[in-house]
Amino acid sequence: MILLSFILRKFHYWLFGISVVAVSCHESPYMQGKRLYEYHCQSCHMEDGQGLSRMIPSLATSSLLGKPEFCCVIILGKKDTIKNNVSYLAQEMPAFQSFTTTELTNLVNYMQHRWQSDFAETSIREMEEMVSFCKQKTSEQPAIPEN
Ligand code: HEC
């Protein structure tokens with residue numbers, strides 16, 4: 001009897017373990033992307049990606065979402081607020097140069113999955129191409145103007 005209750009208890013833990021894994025898998029298919037977003041982006045762009053009024057632009061409704069330029073902004077930053085006569089932005093977009101291609105892929109897929117209805121998943125290979133496209137862009141024409 002003792003043995004049986006021991007086995008049942010173990011089984012219970014086992015079942016509990018499986019349900020925890022199942023819940024976390026259903027939450028978002030891009031868990032790494034979600035974590036990166038929460039850690040690096042949401043303090044400015046907000047949890048729902050809507051930005052902050054007239055100070056930080058919305059990512060959820062950005063016309064760049066799904067385009068290579070979106071990734072370029074992440075890698076290179078964006079400091080053209082004054083040039084574009086939108087100096088109301090309190091801060092500028094910092095460059096995130098230390099993300100690996102896999103991290104960038106998961107981050108971008110997380111955001112598109114969340115905010116774009118007709119979303120086509122970006123592969124790591126496609127991301128590699130986008131990264132080299134962005135880097136080429138910098139060498140041709142500096143994205144960050146010197147003041
Ligand atoms: C310190 C605040 C801050 C953080 C942190 C931040 N951003 Fe930004 N982001 C900005 C600002 C300000 C702009 C507008 C810059 C401009 O137009 O010059 C911007 C612009 C952008 C744009 C361009 C949007 C458009 O439609 O033009 C993208 C894409 C973007 N951010 C993505 C991200 C991602 C992804 C992260 C996290 C990895 C992130 N940002 C973290 C402040 C931030």
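Quick notes on the rules
- Residues numbered from 1 in each chain as written.
- Predicted model: local features only at pLDDT ≥ 70, side-chain atom pairs only at ≥ 80, totals over all residues.
- Helix = DSSP H or I, 4+ residues; strand = E, 2+ residues; numbered from the N terminus.
- Buried ≥ 20, exposed ≤ 12 C-beta atoms within 10 Å, placed from the backbone.
- Contact = placed C-beta atoms within 7 Å.
- Near = placed C-beta within 6 Å.
- Nonpolar A, V, L, I, M, F, W, Y, C, P; charged D, E, K, R; others polar.
- pLDDT = per-residue confidence, 0-100.
- Core = buried A, V, L, I, M, F, W, Y, C linked by C-beta atoms within 7 Å.
- Axes fitted to C-alpha atoms, helices over the stretch in contact; angles between N-to-C directions.
- Parallel < 35°, antiparallel > 145°, perpendicular 65-115°, else oblique.

(A) Seen up close, the overall build of the protein chain. In terms of helices and strands, the protein chain carries five helices and zero strands. N-terminal to C-terminal, the α/β element order of the protein chain is α-α-α-α-α. Here the protein chain holds 147 residues, and the buried ones make up 14% of them. In the protein chain, 56% of the contacts between residues at least 6 apart in sequence involve partners at least 24 apart.

(B) Structural context of the site of the ligand. Close to the ligand lie 23 residues; His40, Cys41, Cys44, Ser62 and Met93 are nearest. Taken together, the elements giving at least two residues each to the shell around the ligand come down to α2 (31-45) and α3 (68-76). It is α2 that contributes the most residues to the shell around the ligand, five residues altogether. Counted by class, the shell around the ligand contains 13 nonpolar, six polar and four charged residues.

(C) Representation of unusual backbone geometry in the model. Here the phi dihedral of Met46 falls at roughly 75°; this positive angle occurs in a residue that is not glycine. Mapped onto the fold, Met46 is located in the loop between α2 and α3.

(D) Local environment of the confidence of the model for the protein chain. Within the protein chain, residue pLDDT values average 80, and 69% of them lie at 70 or more. For the protein chain, per-element mean pLDDT is lowest for helix α1 (residues 2-27), which scores 51, and highest for helix α4 (residues 101-115), which scores 97. Low pLDDT, under 50, characterises residues 15-25; the stretch is placed with zero contacts to residues that sit more than four places away or in other chains.

(E) Spatial organisation of the nonpolar core. Ranked by size, the top nonpolar core spans 14 residues in total, and within it Tyr37, Cys71, Leu104, Leu107, Val108, Tyr110 and Met111 carry the most contacts. A total of five residues in this core trace back to one element, the largest contributor, which is α4. Once residues lying within four places of it in the same chain are set aside, the contact partners of Tyr110 are Ser28, Tyr30, Gly33, Lys34 and Tyr37.

(F) Local environment of the packing of α2 against α4. The contact between α2 and α4 brings their axes to 7 Å, and the two run at 85°. Taken together, the axes of α2 and α4 are roughly perpendicular relative to one another. Counted together, Gln32, Gly33, Lys34, Leu36 and Tyr37 of α2 and Glu103, Asn106, Leu107, Asn109, Tyr110 and Met111 of α4 form the full contact between these two elements. Of the residues in the contact of α2 with α4, the class split is five nonpolar, four polar and two charged.

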